[in-house]
Amino acid sequence: MRRRWGPDLQRTAAVDIWSADLADAPDALTLAELLDDSDRVALQRCRPATFARRAGARAAARAVLARYSGSPPGSLRFATDVLGRHRLRDNHSDARLHFSVSRSGQQCVVAVTRAGAIGIDVEARGAALGDTNALIRRLAPEETAELLAIDECDRADAFLRCWTRKEAYLKATGTGLALGLDQCAVSTGRDARVVRGVELDVNRWAVQDLDLDCAHVGALAVQSEARLLEIREQVLEW
C-alpha cells in the first residue's frame with residue numbers, strides 16, 4: 001500500500017505492520033516467558049475474561065520488537081517520552097524506532113517504523129462502541145456534519161473509518177482520546193488525512209486506511225516528511 005504526497009517520490013518511509021491472531025497465542029506458561037514484571041503488575045487488574053487477550057497483545061508487541069532490538073522479548077524495557085508515548089530504552093534500540101499497538105477482540109496489530117511518530121488503531125466491524133449517532137455528535141463539527149449526511153445504512157462503516165483514523169492520529173501525537181473527540185478532525189471519505197490537528201502543520205502527517213480482513217477496520221498515522229509511505233505487511237508466527 002502506498003500513499004503519494006506529491007511529485008517528489010525520492011524519499012520513502014517504510015512501515016512494518018505485524019498482525020497477530022491472539023487465538024493462536026501460546027499457552028499461559030509460554031506467554032509468561034515473553035512478559036516482564038511490569039506487564040504482570042498491569043495485568044493483575046484485568047478481569048479474567050480479558051486477561052488472556054491483553055497478555056497476548058503485550059506478548060505479541062514484545063515478540064515483534066525483539067526482532068528489531070536483537071534482545072529476548074522478556075528482557076525489553078520501556079520508557080515514556082515527554083508526550084507519554086512508549087519507546088524502547090536506548091540500550092535495546094536506537095531512539096528512531098517508533099511503534100504502536102492496537103487490539104480488537106482476537107486481532108492484534110503492531111506498527112513499527114523509523115520514519116517518525118506512529119499510531120495505529122483497529123476495530124472490529126460492528127464493534128460495541130455504544131450509540132453510534134450519539135458518538136458522532138461528540139466528534140469535531142466537520143466530522144459530525146459529514147457523517148450525519150451519509151445514508152444510515154452506510155454510516156456505521158464511515159464512522160469506524162473516521163474513528164480509527166482519529167485514534168491512530170491521537171496515539172501518534174501522544175495525546176490520546178483524553179484530548180477530546182472534538183479537538184481535532186480527520187477526513188470521513190475515502191481520502192484518509194488529518195483535516196485539523198493538534199499541531200498547525202497537518203501536512204506532516206500521513207494517514208492511511210489498512211486492509212486487514214473483512215471483519216476489521218484499521219488506520220495508521222505517521223509523522224514523516226517522506227513523499228512515499230510504503231507499508232510492509234507481516235504475520236507474527238508465535
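Please refer to the structure placed before this passage.
Residues numbered from 1 in each chain as written. Predicted model: local features only at pLDDT ≥ 70, side-chain atom pairs only at ≥ 80, totals over all residues. Heavy atoms only, no water.

1. With respect to the overall build of the protein
When helices and strands are tallied, the protein shows 6 helices and 12 strands. Viewed in the frame of its principal axes, the protein has a C-alpha envelope of about 50 × 45 × 30 Å. For the protein, long-range pairs separated by at least 24 residues make up 61% of all intrachain contacts whose partners lie at least 6 apart in sequence. A total of about 12100 Å² of accessible surface is found on the protein, and carbon and sulfur atoms cover 49% of it. (Helix = DSSP H or I, 4+ residues; strand = E, 2+ residues; numbered from the N terminus. Contact = heavy atoms within 4.5 Å. Areas by Shrake-Rupley, 256 points an atom, 1.4 Å probe, with all protein chains shown as cover.)

2. Digging into the packing of aromatic side chains
One pass over the full model with this rule turns up 3 aromatic pairs. On the numbers, 5.1 Å between centres and 85° between planes, the contact of Tyr 169 with Trp 205 is edge-to-face. Placement of Tyr 169 in helix α6 (residues 152-173) and of Trp 205 in strand β10 (residues 205-213) is noted, with a sequence separation of 36 residues between them. On the accessibility criterion, Tyr 169 (1% relative accessible area) is buried. The exposure class assigned to Trp 205 is buried, which follows from its relative accessible area of 4%. (Phe/Tyr/Trp six-rings, centres within 6.5 Å; stacked < 30°, edge-to-face > 60°. Buried < 20%, exposed > 50% of the residue type's maximum accessible area, 1.4 Å probe, protein only.)

3. With respect to the environment of Leu 43
You can see Leu 43 is positioned in helix α2 (residues 37-43). Spatially, the C-alpha atom of Leu 43 lies 9.7 Å from that of Arg 58, the residues being 15 residues apart in sequence. Excluding residues that lie within four positions of it along the chain, Leu 43 makes contacts with Leu 35, Phe 51, Arg 54, Ala 55 and Arg 58.

4. Quick look at the nonpolar core
By size, the foremost hydrophobic cluster in this structure holds 17 residues, and its most contacted members are Trp 18, Val 64, Leu 65, Cys 108, Val 110, Val 112 and Leu 236. Contributions of two or more residues to this core are made by β2 (12-21), α3 (48-69) and β6 (107-113). With 6 residues, α3 is the single largest residue contributor to this core. Those residues in contact with Cys 108 that lie beyond four places of it in its chain are Trp 18, Ser 19, Ala 20, Leu 22, Ala 57, Ala 60, Val 101, Ser 102 and Arg 103. Grouped together as the second largest cluster of nonpolar side chains are 15 residues, Val 15, Ile 17, Val 109 and Ile 120 included. (Core = buried A, V, L, I, M, F, W, Y, C linked by side-chain atoms within 4.5 Å.)

5. Some thoughts on the pairing of β2
Within β2, 7 of the 10 residues are buried, leaving the element largely enclosed by the surrounding structure. Relative to strand β12 (residues 228-235), β2 runs parallel, the two being bridged by 8 bridges. Along β12, the bridge assignment pairs Ile 17 with Glu 233. In this structure, β2 lies alongside β6, joined through 7 bridges in antiparallel fashion. Bridge assignment links Asp 16 to a residue of β6, and that residue is Val 112. (Pairing = 2+ DSSP bridges.)

Everything listed is a geometric property; what it means functionally is a separate question.
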